[in-house]
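# Structural description and commentary
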Amino acid sequence: MSYRPKITNVTKASSNDKEGLYEFIIKTADGTQCRAFYSRFPEWKMTNISRLLKTPCPVCRKDFICKCMEAFTADFEGQMIGDEWIDKAIAE
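All of the points below concern the structure found in this document. (Residues numbered from 1 in each chain as written. Predicted model: local features only at pLDDT ≥ 70, side-chain atom pairs only at ≥ 80, totals over all residues. Heavy atoms only, no water.)

### So, helix H1 (residues 73-82)
- For H1, every residue scored as buried is listed here: Phe76, Glu77, Gln79 and Met80. Considered in projection along H1, the buried side chains sweep an arc of 165° and stay on one side of the axis. Those residues of H1 that are exposed and angled more than 90 degrees off the buried face are Ala74 and Gly82. (Buried < 20%, exposed > 50% of the residue type's maximum accessible area, 1.4 Å probe, protein only. Helix = DSSP H or I, 4+ residues; strand = E, 2+ residues; numbered from the N terminus. Arc of directions from axis to C-beta.)

This is the structure in structure tokens:
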């Protein structure tokens with residue numbers, strides 16, 4: 001079975017509007033929380049993503065730092081832009 005992340009909520013953690021840098025906390029349907037960093041210029045692009053250490057990794061089941069979420073960058077980025085999560089988080 002392969003992992004398919006499904007975003008349920010996004011909140012803006014911090015931002016540097018002048019430089020166009022943003023940090024979002026992403027919550028998924030399986031309870032995993034990730035921290036995603038975005039650059040706004042010239043268009044929205046994810047620069048980094050990492051899992052917050054609140055629950056074990058749904059992919060490798062490790063309870064410590066891993067880089068598994070980086071493999072799903074395209075899935076996260078597609079949902080963030082396609083479902084307009086970025087716009088919703090910034091509007092809050």
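### Comments concerning the sheet that holds strand E3 (residues 33-39)
- The strand order across the open sheet formed by 4 strands is E1-E2-E3-E4, and the pairing between neighbours is antiparallel. Looking at the sheet topology across the chains shown, the edges are occupied by strand E1 (7-16) and strand E4 (45-51). Strand-to-strand twist of the sheet, defined as the mean angle between neighbouring strand axes without regard to direction, takes the value 25°.
- The sheet contact formed by E1 and strand E2 (residues 21-28) spans 8 bridges and is antiparallel. Across the sheet, Asn16 pairs through a bridge with Leu21, a residue of E2. (Pairing = 2+ DSSP bridges. Axes fitted to C-alpha atoms, helices over the stretch in contact; angles between N-to-C directions.)

### Focus on the environment of Phe41
- Relative to the helices and strands, Phe41 resides in the loop between E3 and E4.
- For the pair Phe41 and Glu19, spaced 22 residues apart in sequence, the C-alpha separation works out to 8.3 Å.
- Ignoring sequence-local partners within four residues, the contact set of Phe41 consists of Asp17, Lys18, Glu19 and Gly20. (Contact = heavy atoms within 4.5 Å.)

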